[in-house]
Amino acid sequence: MRRFFLFVSIAILSVASACPQGTVSIRVDAASKVAPLKPAWNFFGYDEPNYTYTENGRKLINEIVASSASPANFRTHHLLTTGDGVPALKWGSTNVYTEDASGKPIYDWTLTDRILDTYVRAGAKPFVEIGFMPKALSTKPDPYVPVWQPGSKFDQYYVGWTYPPTDYSKWGELVFQWVRHCVAKYGASEVATWHWEVWNEPDIAYWHGTPEEYDRLYDVSAAAVKRALPAAHVGGPASTGPANPKAAAFLKQFLQHCASAGMPLDFISFHAKGSPTVVQSTVRMSLSHELNDVSSGFDIVRSFPNFQHLPIVLSEADPEGCAACSARVYPQNAYRNGTLYPAYTAAALKAIMQLARVADVNLEGILTWAFEFENQPYFDGFRSLATNGVDKPVLNVFRMAGLLRGHLIRLESSGAPQVDALAAGSGNNLSLLVWNYQDDDVPGPAATVDITVNGLPTNAGHILVRHYRIDKTHSNAYTAWKALGSPQNLSADQYKTLEEAGQLELLESPHFIAAENGSSHIGFSLPLQAVSLIELSW
């Protein structure tokens, strides 16, 4: 089975630069339901918790929530980190825990409340990451504040906040008091819908302890969460991509520990990342690298029969590993501003969902580690969904995904894996997400796409078509910004122009097409690295 997973993950999308020849035929059977569609894409996260309640942070959260009928989930680092609440790249703090001169804990929920309030008031669900270590509890408290900027080494980044606690009982009491406070503030029924995830990437330098010490941290944390709210959902370990043998060993030992010790485990989380490179001055993505992480993790979960059908959340799943590493400094990240990022995301979504079905595991979430960065130049190449309040093209692929509802519908594409689609239907509606993706960011011809939809009701008659598009000239504020001369000091009119250009845009006016004997046809040209969302209703 493991060999099959690897074959699927590599074959699904190892596309370089070969364009399908002739017309791509996509055949959809509207009457053939594959499985209920879970909104697994509706999970998001970021390093800097204090960006949450900025003007642009609140704006983006509300936009994400508005993009789907299902609740969005938000995860952020540094919710328990000591500091003054002033954010920096890959850093933030809440000062939630200090001690008086006698060592008595002092709890201050001001900033954690402000963060969680922002989510809850917007209609989102917190995906609460329990971390990192407050300075007063760290076994190595100094130095504590990291020193890092794009281009720097990480040798002064993983400092005092990454160490185990001096007192596990005080740590457990902190977690208990936090969850109990949330229950009192938001209500038990609300908090019971949240995820509580213990730490982040404890198999690397985010945790300066042994695997056994992490297991102890998990046990204490999980017990504290359940003591405060027995119905709460707690899980982990949020380890790095398990295609790496060391990360795989960590995930295995954690699951073995939970199985043998009988510890609470309501969901399993691990991460999956691609690895873009620059080849002859061109960005080459590596979706197969991310998919290998996914398939390796699914394989490990399957090896524990008691856990095989627990919810799995890929609590970071991205083209690469550093959102704050600007393309200005890291040229392999130049995919982030334009249409390559949304095309990659669409292709990854289907591929990961296919792997979950093949593995017979319960995939709940695919979390995109991208948000927004404050006080940075426009379109500076951070992995983000918006830049200074202007939506980037990638946000529109999530708006498209939000229009997929109901059940997954069976389809076949003659152009797969490069030109492929995902279909979902509910009642008298059918939506198709269609993309033309390849790993290499090089020019190429558009694909001619012919879609045949069979299995429609015989009385469907005329079908209303709405066709949305992300490409160089649609749903693309980056192109619009460059057309303005790439300004960094925008006038009010220019800013409004970019805000409008960042919204999801129709390719053409809505129109009707005929359906005969339960069948209909749609044809269009789809540029390379472009995505379409086609809504059919009758």
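Computed from a prediction, not measured in an experiment: that's the story for all the values here.

Reading the values: rules and limits
Residues numbered from 1 in each chain as written. Predicted model: local features only at pLDDT ≥ 70, side-chain atom pairs only at ≥ 80, totals over all residues. Heavy atoms only, no water. Helix = DSSP H or I, 4+ residues; strand = E, 2+ residues; numbered from the N terminus. Rg over C-alpha atoms; globule rule 2.2 N^0.38 Å. Buried < 20%, exposed > 50% of the residue type's maximum accessible area, 1.4 Å probe, protein only. Contact = heavy atoms within 4.5 Å. Expected span 1.5 Å × (residues − 1). Core = buried A, V, L, I, M, F, W, Y, C linked by side-chain atoms within 4.5 Å. Salt bridge = Lys/Arg side-chain N within 4 Å of Asp/Glu carboxyl O. Pairing = 2+ DSSP bridges. Polar contact = N/O pair within 3.5 Å; in protein donor to acceptor, adjacent residues only side chain to side chain. Disulfide = S-S within 2.5 Å. Phe/Tyr/Trp six-rings, centres within 6.5 Å; stacked < 30°, edge-to-face > 60°. Lys NZ or Arg CZ within 6 Å of the ring centre and 35° of its normal. Axes fitted to C-alpha atoms, helices over the stretch in contact; angles between N-to-C directions. Parallel < 35°, antiparallel > 145°, perpendicular 65-115°, else oblique. Left-handed = near helix turned anticlockwise from the far one by under 90°. Nonpolar A, V, L, I, M, F, W, Y, C, P; charged D, E, K, R; others polar.

*Asks:* Quick question: what am I supposed to make of the overall build of the protein here?
*Replies:* Each helix and strand counted, the protein has 12 helices and 24 strands in total. At 23 Å, the protein has a C-alpha radius of gyration in line with the 24 Å of a compact globule built from 538 residues. Across its three principal axes, the protein shows a C-alpha extent of roughly 80 × 55 × 45 Å. The 538 residues of the protein split such that 60% are buried. The contacts in the protein between residues at least 6 apart in sequence include a share of 78% that link residues at least 24 apart.

*Asks:* I tried to follow helix H3 (residues 110–122) on my own but got confused; where do I start?
*Replies:* Think of an α-helix as 3.6 residues a turn; residues three or four steps apart then line up on the same face. Spanning 13 residues, H3 covers 18 Å between terminal C-alpha atoms, matching the ideal 18 Å at 1.5 Å per step. Those residues of H3 lying buried are Leu111, Thr112, Asp113, Ile115, Leu116, Asp117, Thr118, Tyr119 and Ala122. In the core, the buried residues of H3 are packed alongside strand E2 (43–46), helix H2 (55–66), strand E3 (73–76), strand E6 (125–130) and helix H4 (168–186).

*Asks:* Teacher, can you tell me more about helix H9 (residues 340–359) here?
*Replies:* Its 20 residues give H9 an end-to-end C-alpha distance of 28 Å, which sits within 8% of 28 Å, the value for a rise of 1.5 Å per residue. Phi turns positive, to about 60°, at Asp360, one or two residues after H9.

*Asks:* Is there a simple way to think about the nonpolar core in this case?
*Replies:* Generally speaking, nonpolar side chains in soluble globular proteins are found buried as a group. Judged by nonpolar contacts, the single largest core of 141 residues is most densely connected at Phe74, Trp171, Trp178, Trp196, Trp199, Leu255 and Phe298. Here this core gets 14 residues from one element, more than from any other, and that element is H9. In terms of nonpolar packing, the next biggest core, distinct from the first, is built from 27 residues, Ala421, Ile513, Phe524 and Ile534 among them.

*Asks:* Explanation requested: the pattern of salt bridges in the structure shown.
*Replies:* Under the counting rule described, the total for this entry stands at 23 salt bridges. We note a salt bridge from Arg227 to Glu173, for which the minimum N-O separation is 3.3 Å. Of this pair, Arg227 sits in helix H6 (residues 211–228) while Glu173 sits in helix H4, and the two are 54 residues apart along the sequence. Of the charged contacts in the structure, one is a salt bridge between Arg336 and Glu320, with a shortest N-O distance of 2.7 Å. Note that Arg336 is positioned in the loop between strand E12 (311–318) and H9 and Glu320 in the loop between E12 and H9, a separation of 16 residues in sequence.

*Asks:* How should I be thinking about the pairing of strand E16 (residues 407–413) in this particular structure?
*Replies:* When a strand is regular, its side chains alternate between the sheet's two faces. Note that strand E1 (residues 23–36) and E16 share 6 bridges and pair antiparallel. Looking at E16, one finds that Arg27 is bridged to Glu412. As judged from the 3 bridges shared by E16 and strand E17 (residues 419–426), these two strands associate in the antiparallel manner. For His407, the partnering residue across the bridge sits in E17 and is Gly425. Between the antiparallel neighbours E16 and E17 lie 5 residues.

*Asks:* Hey, could you run me through the environment of Ser414 in this one?
*Replies:* The residue Ser414 is located in the loop between E16 and E17 in this model. In this structure, the C-alpha to C-alpha distance between Ser414 and Val434, residues 20 residues apart in sequence, is 13 Å. Beyond its immediate chain neighbours, meaning those up to four positions away, Ser414 contacts Thr23, Val24 and Ser25. A polar contact is formed between the side chain of Ser414 and the backbone nitrogen of Ser25, at a distance of 2.8 Å.

*Asks:* What should I look at first to understand the environment of Tyr107 in this one?
*Replies:* Structurally, the position occupied by Tyr107 is in strand E5 (residues 105–107). You can call Tyr107 partly exposed: its relative accessible area is 26%. Sequence separation between Tyr107 and Thr345 is 238 residues; the distance between their C-alpha atoms is 40 Å. Apart from residues lying up to four places away in sequence, Tyr107 is in contact with Val96, Tyr97, Glu173, Leu174 and Gln177.

*Asks:* Would you take a moment to explain the state of the cysteines for this structure?
*Replies:* Working definition of a disulfide: a covalent bond connecting the sulfur atoms of two cysteines. Taken as a whole, this structure holds 1 disulfide when the rule is applied. Disulfide pairing is shown between Cys322 and Cys325; the S-S distance is 2.1 Å. Here the S-S torsion is close to 80°, and the disulfide linking Cys322 with Cys325 is therefore right-handed. By relative accessible area, which is 5% here, Cys325 ends up buried.

*Asks:* Explain the packing of aromatic side chains here, please?
*Replies:* Two descriptors summarise a pair of aromatic rings, namely the distance from one centre to the other and the angle between the planes of the rings. Following the criterion strictly, the structure yields 39 aromatic pairs and no others. Over the aromatic face of Phe176 sits the side chain of Arg227, whose NZ or CZ is 3.8 Å from the ring centroid.

*Asks:* Looking at this structure, how should I read unusual backbone geometry?
*Replies:* Glycine aside, the phi torsion of most residues is negative, and most peptide linkages are trans. A cis amide bond, omega 5°, links Gly131 with the succeeding residue Phe132. A cis amide bond links Gly236 to the next residue, Pro237, at an omega of 5°. Of note, Pro237 is situated in strand E8 (residues 233–239).

*Asks:* Looking at this model, I keep getting lost on the side chain of Arg469. Mind explaining?
*Replies:* Structurally, Arg469 is set in strand E20 (residues 462–470). Among the polar contacts made by the side chain of Arg469, one reaches the side chain of Asp471 at a distance of 3.2 Å. For Arg469, the side chain forms a polar contact with the main-chain oxygen of Ser525, separated by 3.0 Å. Filtering out sequence-adjacent residues up to four positions away, Arg469 remains in contact with Met400, His474, Ser475, Glu505, Leu507, Phe524, Ser525, Leu526, Pro527, Ala530, Val531 and Ser532.

*Asks:* Just to check I follow, could you spell out the packing of H3 against H4 for this structure?
*Replies:* A pair of packed helices is characterised by two quantities: the angle between their axes and the separation of those axes. Packing of H3 against H4 brings their axes to within 12 Å, and their N-to-C directions diverge by 45°. Judged by the angle between their axes, H3 and H4 are oblique. As H3 runs across H4, the sense of the crossing is right-handed. Residues Thr112, Asp113, Leu116, Asp117 and Val120 of H3 lie in contact with H4, whose contacting residues are Trp178, His181, Cys182, Lys185 and Tyr186. The residue inventory of the contact of H3 with H4, partitioned by class, reads 5 nonpolar, 2 polar and 3 charged.

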